[in-house]
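# A look at the structure
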Amino acid sequence: MLMRRHNIAFAALALVSFSTLLGACGKGEGGGVSAAGADDSSPVLARVGRERLHLAQACRDLPGGLSPDDSARFVKGIVYAWVDKRLVAEMAPEDLDMSEIDRLTSEYREALIAEAYRRRIAEEGTDATFSEDSMKTYYEEHKADFRLREPLVKGVYVKVPANASNIASIRRLMRSDAPADIDRLEKEVISSNAIHYDYFRERWIDWDRIEVRIPYDFGDIGAFLRPGRFLDTTTDGYTYLLRVTEVLPASATMPFEAAREEVRERLLAERRRQIDASFRADLLRRALDTGRAEIFL
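Residues numbered from 1 in each chain as written. Predicted model: local features only at pLDDT ≥ 70, side-chain atom pairs only at ≥ 80, totals over all residues. Heavy atoms only, no water.

## Section: the overall build of the chain
Each helix and strand in the chain was counted, giving eleven helices and nine strands. Buried positions account for 32% of the 297 residues belonging to the chain. Once local pairs closer than 6 in sequence are excluded, the contacts in the chain between residues at least 24 apart make up 67%. Of the accessible surface of the chain, which amounts to about 18800 Å², a share of 51% is contributed by carbon and sulfur atoms. (Helix = DSSP H or I, 4+ residues; strand = E, 2+ residues; numbered from the N terminus. Buried < 20%, exposed > 50% of the residue type's maximum accessible area, 1.4 Å probe, protein only. Contact = heavy atoms within 4.5 Å. Areas by Shrake-Rupley, 256 points an atom, 1.4 Å probe, with all protein chains shown as cover.)

And the structure:
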């Protein structure tokens, strides 16, 4: 009986051609795949008892960018999983205590509803703005919690044509800390038709933002990144110059500027927890006051 039903369930799959599959599963605006038409009007891929799996339902789980063969294999996997789950679910009541399953299902549904509603109340009632002083205060009180996952650096980075006539001057000025030389550096870089110029001696940036720009094997980053490090490398007609003036290694305490967004997210989460706790306490109080709920303790 099980095998006959299994054969019936998959008979329709063989009737769906690649062209039908790809025609019904059109790409959406985001590059993914969307169902074409209503679920009950697209071809039936499988059936178990009175339940049917339509092509449009399978399309919703189909990733974008697949070839026709890969699309067919992916849909076939969806179909077999759909049928398998329903066949097992049909057999299970004979050997399981369904009253316990029903109880767990009911409890899980109630928990999902409560969680979704509480989250909505907390999000709608939360002001997501925080003063600079409150953020800095939180940061100072929890500074030990904010650790860098990647190094931060300060310095100067330039990419110029290797044949730039003033490249020697740019090299010299990049090594200088004199205010007049720093001002002159920008003028020299502009006149050299530089491809990239990033002056970040006064702000921290993620090291990987610099690393990905330079075709160079840095090896052990921890060993390379040292204050005063100067890199001068030329490849494919371009010269890459980097001067590192300050370094904060991975695992060091984040400066406030780098921790700002994480501080804001933590404050926001705390504010939402407070709103949620207040909402639930008020809900209980009103239920007890009106007699809608009673607690016998």
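## Observations concerning the pattern of salt bridges
Pairing is possible between side chains that carry opposite charge, provided their charged atoms lie close to one another. Inspection of every chain in the model, using the stated rule, returns 27 salt bridges. Asp-198 is the salt-bridge partner of Arg-203, the closest N and O atoms lying 2.9 Å from each other. Taking the relative accessible area as the measure of exposure, Asp-198 reaches 9% and is therefore buried. When salt bridges with common partners are traced through the structure, they connect Glu-115, Arg-118, Arg-119, Asp-276 and Arg-280 into a single cluster. (Salt bridge = Lys/Arg side-chain N within 4 Å of Asp/Glu carboxyl O.)

## Thoughts on the packing of helix 5 (residues 98-124) against helix 11 (residues 256-290)
Taken N-terminus to C-terminus, the directions of helix 5 and helix 11 make an angle of 120°; their axes are 9 Å apart at the nearest point. Taken together, the axes of helix 5 and helix 11 are oblique relative to one another. By crossing handedness, the relation of helix 5 to helix 11 is classed as right-handed. Contacts from Tyr-117, Arg-118, Ile-121, Ala-122 and Glu-123 of helix 5 reach helix 11 at Arg-272, Ile-275, Asp-276, Phe-279 and Arg-280. Along the lines of polarity and charge, the residues of the contact of helix 5 with helix 11 split into five nonpolar, no polar and five charged. (Axes fitted to C-alpha atoms, helices over the stretch in contact; angles between N-to-C directions. Parallel < 35°, antiparallel > 145°, perpendicular 65-115°, else oblique. Left-handed = near helix turned anticlockwise from the far one by under 90°. Nonpolar A, V, L, I, M, F, W, Y, C, P; charged D, E, K, R; others polar.)

## What about the packing of aromatic side chains?
Any two aromatic rings considered together are summarised by their centre-to-centre distance and by the angle between their planes. Within this structure, the stated rule accounts for seven aromatic pairs. Here the aromatic rings of Trp-207 and Phe-218 are separated by 5.1 Å at their centres, their planes lie at 85°, and the arrangement is edge-to-face. Placement of the pair is Trp-207 in helix 9 (residues 207-211) and Phe-218 in the loop between helix 9 and helix 10 (221-224), with a sequence separation of eleven residues. Like Phe-218, Trp-207 is buried. Through successive ring pairs, a cluster of aromatic residues spans Trp-207, Tyr-216, Phe-218 and Phe-224. For the cation-ring pair, Arg-175 lies above Phe-230, with the distance from its terminal atom to the ring centre recorded as 3.9 Å. Over the face of the ring belonging to Phe-146 we find Arg-266, whose NZ or CZ atom lies 4.5 Å from the ring centre. (Phe/Tyr/Trp six-rings, centres within 6.5 Å; stacked < 30°, edge-to-face > 60°. Lys NZ or Arg CZ within 6 Å of the ring centre and 35° of its normal.)

## Let's talk about a nonpolar patch on the surface
Taken together, Leu-96, Met-98, Ile-101 and Leu-104 make up a surface patch of nonpolar side chains, about 310 Å² in accessible area. Counting through the fold element by element, Met-98 comes out in helix 5. Residue classification places Met-98 among the partly exposed positions, given a relative accessible area of 30%. (Patch = residues over 30% accessible without salt bridge, like charges linked within 9 Å, V, L, I, M, F, W, Y side chains within 5 Å.)

## What about the nonpolar core?
Ranked by size, the top nonpolar core spans 16 residues in total, and within it Val-153, Trp-207, Ile-210, Ile-214, Leu-225 and Leu-242 carry the most contacts. Of all the secondary-structure elements, those providing two or more residues to this core are strand 5 (152-161), helix 9, helix 10 and strand 9 (238-248). A per-element tally of this core places strand 9 first, with four residues. In this structure, Met-135, Phe-146, Leu-148 and Val-263 belong to the second largest nonpolar core, which totals 15 residues. (Core = buried A, V, L, I, M, F, W, Y, C linked by side-chain atoms within 4.5 Å.)

## Topic: unusual backbone geometry
With phi around 50°, Asp-236 is a residue other than glycine that occupies positive phi space. Position of Asp-236 relative to the elements: it lies in the loop between strand 8 (230-235) and strand 9. Among the residues examined, Asp-236 registers a relative accessible area of 73% and is labelled exposed. For Ser-251, which is not glycine, the phi dihedral falls at a positive 85°. By secondary structure assignment, the location of Ser-251 is in the loop between strand 9 and helix 11.

## Notes on the side chain of Arg-201
Considering the arrangement of structural elements, one finds Arg-201 in the loop between strand 6 (196-199) and strand 7 (205-206). Among the polar contacts made by the side chain of Arg-201, one reaches the main-chain carbonyl oxygen of Ser-176 at a distance of 3.4 Å. (Polar contact = N/O pair within 3.5 Å; in protein donor to acceptor, adjacent residues only side chain to side chain.)

## Things to note about the packing of helix 6 (residues 132-141) against helix 11
Geometry of a packed helix pair, given as the angle between the helix axes and the separation of the axes. Packing of helix 6 against helix 11 leaves a shortest axis separation of 9 Å and a crossing angle of 95°. Taken as axis vectors, helix 6 and helix 11 run roughly perpendicular relative to one another. Residue-level contacts link Glu-132, Ser-134, Met-135, Lys-136, Tyr-138 and Tyr-139 of helix 6 to Phe-256, Ala-259, Arg-260, Val-263, Arg-264, Arg-266 and Leu-267 of helix 11. The residue makeup of the contact of helix 6 with helix 11, split by class, is seven nonpolar, one polar and five charged.

## A short note on the pairing of strand 8
Where strand 8 meets strand 9, six bridges bridge the pair, whose relative direction is antiparallel. Paired with Phe-230 across the two strands is Arg-243, which belongs to strand 9. (Pairing = 2+ DSSP bridges.)

## A closer look at the side chain of Asp-276
Along the chain, Asp-276 falls in helix 11. The buried category is assigned to Asp-276, whose relative accessible area is 13%. Within the structure, the side chain of Asp-276 is placed 2.8 Å from the side chain of Arg-118, a separation counted as a polar contact.

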